[in-house]
Amino acid sequence: MTTEQFQVVVWQYYEGHGRKHLPWREDPSPYHVLVSELMLQQTQVERVIPKFNMFVHVFKNVEQLAQAPLSEVLAAWQGLGYNRRARYLHEAAQAIVHLGHFPDKHEDLVKLPGVGRNTAGAIQVYAFAHVAFFVETNIRTVYFYHFFADRTDVTDAEIYALLERTADRRDIRGWYAALMDYGTYLKSQKLGSISKSKHYKKQGGFMGSARQVRGQIIRELTHGKKTEAQLAQVINDERLGIILEKLISEGMVEKERTAYMLPGQLV
């Protein structure tokens, strides 16, 4: 398949089925893109949309987010899981305010908490319409399906090389949106399996995991301070104490005498 043929396939799908009205696409401000990108890490679009709308209503800009206590940010984040992303987003907002402007260069973006190579590339593309290259699951799916049908050990380096060769630089923001939506469709049809990636690792189940307990702790503490005994009344898990200490070491939870609370919590 030539680059031209590939671009036609991707654009045709987007023209007919693209999700052009996603809130962060309708208003791709740097702040909206940052919030959406961190929310979309490991969370489906359908779950993110209502949380995104609520979040940017509560914290209307990067300055308001930076000034809010972490406890309020975590409370607004509830329902998305992976609460460390909320902390990273909060810290990133503080770093941006301290910097005095929203960075648009890759080397500056990757210095923000929670922003790695691919998230930085996404921010450059969606917020600033800069030509940049990033790889995530949906993009892998598109390239696996069209270029690596007979391979099971594809590296991200190979995907990056193809991205640079095949990207439609005339509308880089729209091109990546088209790739993402086309990838979502291919996944729904069980095409371009992510297991072809050399970097693929199947995630363990959520139920009964430490991740589930972490989420329960954060959720309970959004209602106010609690002792370990009070938490144990609703979280029946022998790892509770160990996980609480881990959350403290990460700065997600604080301890005052015998009570646990979220950082900045007043109640």
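Residues numbered from 1 in each chain as written. Predicted model: local features only at pLDDT ≥ 70, side-chain atom pairs only at ≥ 80, totals over all residues. Heavy atoms only, no water.

Asker: Any chance you could break down the overall build of the chain for me, citing the residues and the numbers?
Answerer: When its secondary structure is counted, the chain shows 15 helices and three strands. Taking 267 residues into account, the globule formula puts the C-alpha radius of gyration at 18 Å, and the chain, at 20 Å, falls close to it. In the chain, the proportion of contacts linking residues at least 24 apart, taken out of those at least 6 apart, comes to 67%. Counting only carbon and sulfur atoms, one obtains 51% of the accessible surface of the chain, whose full area is about 13600 Å². Between the averaged position of the 33 positive side-chain charges in the chain and that of its 29 negative side-chain charges there is a distance of 4 Å. (Helix = DSSP H or I, 4+ residues; strand = E, 2+ residues; numbered from the N terminus. Rg over C-alpha atoms; globule rule 2.2 N^0.38 Å. Contact = heavy atoms within 4.5 Å. Areas by Shrake-Rupley, 256 points an atom, 1.4 Å probe, with all protein chains shown as cover. Lys, Arg positive; Asp, Glu negative; His and termini not counted. Charge placed at Lys NZ, Arg CZ, Asp CG, Glu CD.)

Asker: How would you summarise helix H1 (residues 3-17) if you had to cite specific residues and measurements?
Answerer: In this model H1 runs 21 Å from its N-terminal to its C-terminal C-alpha over 15 residues, within 8% of the 21 Å that 1.5 Å per residue would give. Along H1, the residues that are buried comprise Thr 3, Phe 6, Gln 7, Val 10, Trp 11, Tyr 13 and Tyr 14. Looking down the long axis of H1, one finds its buried residues gathered within 155° of arc, a one-sided arrangement. When the buried face of H1 is taken as reference, the exposed residues oriented beyond 90 degrees from it are Glu 4, Gln 12, Glu 15 and Gly 16. The secondary structure elements touched by the buried residues of H1 are helix H2 (23-26), helix H10 (137-147), helix H11 (156-166) and helix H12 (172-188). (Expected span 1.5 Å × (residues − 1). Buried < 20%, exposed > 50% of the residue type's maximum accessible area, 1.4 Å probe, protein only. Arc of directions from axis to C-beta.)

Asker: Please give an account of the sheet that holds strand E3 (residues 259-261) that cites residues and values.
Answerer: Pairing within the open sheet is antiparallel, and its three strands lie in the order E1-E3-E2. Two strands bound the open sheet, and with one partner strand each, they are strand E1 (226-227) and strand E2 (254-256). As paired elements, E2 and E3 share three bridges and run antiparallel to each other. Bridge pairing links Lys 255 to Tyr 260 in E3. (Pairing = 2+ DSSP bridges.)

Asker: Let's hear about the nonpolar core: which residues, and what values?
Answerer: The biggest cluster of nonpolar side chains holds 82 residues, and the ones touching the most others in it are Phe 55, Tyr 143, Trp 175, Tyr 176 and Leu 179. The element contributing the most residues to this core is H12, with nine residues. Residues within four places of Trp 175 in sequence aside, it is in contact with Phe 6, Gln 7, Val 10, Trp 11, Tyr 143, Thr 166, Ala 167 and Asp 168. (Core = buried A, V, L, I, M, F, W, Y, C linked by side-chain atoms within 4.5 Å.)

Asker: Describe the pattern of salt bridges, and please don't skip the residues or the numbers.
Answerer: Applying the stated criterion to the full structure yields 11 salt bridges. Note that Asp 181 is salt-bridged to Arg 25, the shortest N-O span being 2.8 Å. One end of the pair, Asp 181, is in helix H12; the other, Arg 25, is in helix H2, with 156 residues separating them in the sequence. The same class applies to Asp 181 and to Arg 25, which are both buried. The partner of Asp 156 in a salt bridge is Arg 140, and the shortest N-O contact between them spans 2.9 Å. One end of the pair, Asp 156, is in helix H11; the other, Arg 140, is in helix H10, with 16 residues separating them in the sequence. For the pair shown, Asp 156 and Arg 140 are each scored as buried. (Salt bridge = Lys/Arg side-chain N within 4 Å of Asp/Glu carboxyl O.)

Just geometry here; none of it tells us what the structure is for.
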